[in-house]
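Each chain, letter by letter, is given below.
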Amino acid sequence: ETTRVSSESAHEQQQSTIDELRATLKVRQTELDEKNETAERLTAELRSKESEVKEVSMSTEAVSAEADTLNVKLAEQAQVNASLKTEIEGARTEARTERES
């Protein structure tokens, strides 16, 4: 009889331990699921940010190319202005010479 009670007690103890382990496993699985969800959310946010950075980078490249084009046009206009200034100075000199003669 004592052996039977002891055996039942051991069985109950084992079942209790198994139940505790199952409960712990369930908690750990829930924690893992939450961490996986967080990782997935952070990965999605990272991809979104990478996409935004890529768009800004492309926009920056476009602005840089436009700035280069405008700098070339500005340099061309400066040459035209210098040429016109030389022509105007030459015309003034010519007009003075004609008045003096």
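To keep things clear, this report deals only with the structure shown in the data block. Predicted model, so just to flag it, every value in this text is computed and none were measured. (Residues numbered from 1 in each chain as written. Predicted model: local features only at pLDDT ≥ 70, side-chain atom pairs only at ≥ 80, totals over all residues. Heavy atoms only, no water.)

### So, the overall build of the chain
Reasoning step 1: Counting secondary structure elements, the chain contains one helix and zero strands.
Reasoning step 2: A compact globule built from 101 residues would reach a C-alpha radius of gyration of about 13 Å, whereas the chain, at 43 Å, exceeds it by more than 25%.
Reasoning step 3: With the C-alpha coordinates aligned to their principal axes, the bounding extent of the chain is approximately 145 × 15 × 10 Å.
Reasoning step 4: In the chain, buried positions account for 0% of the 101 residues.
Reasoning step 5: Of the accessible surface of the chain, which amounts to about 9,300 Å², a share of 54% is contributed by carbon and sulfur atoms. (Helix = DSSP H or I, 4+ residues; strand = E, 2+ residues; numbered from the N terminus. Rg over C-alpha atoms; globule rule 2.2 N^0.38 Å. Buried < 20%, exposed > 50% of the residue type's maximum accessible area, 1.4 Å probe, protein only. Areas by Shrake-Rupley, 256 points an atom, 1.4 Å probe, with all protein chains shown as cover.)

### Here we look at the environment of Thr93
Reasoning step 1: Inspection of the secondary structure puts Thr93 in helix α1 (residues 2-100).
Reasoning step 2: The class of Thr93 is partly exposed, set by a relative accessible area of 42%.
Reasoning step 3: Separated by 76 residues in the primary sequence, Thr93 and Thr17 place their C-alpha atoms 111 Å from one another.

### Things to note about a negative patch on the surface
Reasoning step 1: A cluster of acidic residues, Glu31, Asp33, Glu34, Glu37 and Glu40, forms a negative patch on the protein surface.
Reasoning step 2: By the secondary structure assignment, Glu31 is in helix α1. (Patch = residues over 30% accessible without salt bridge, like charges linked within 9 Å, V, L, I, M, F, W, Y side chains within 5 Å. Salt bridge = Lys/Arg side-chain N within 4 Å of Asp/Glu carboxyl O. Lys, Arg positive; Asp, Glu negative; His and termini not counted. Charge placed at Lys NZ, Arg CZ, Asp CG, Glu CD.)

### Some words on a nonpolar patch on the surface
Reasoning step 1: On the surface, a cluster of nonpolar side chains totalling about 250 Å² of accessible area is made up of Val80, Leu84 and Ile88.
Reasoning step 2: Note that Leu84 resides in helix α1.
Reasoning step 3: For Leu84, a relative accessible area of 43% puts it in the partly exposed group.

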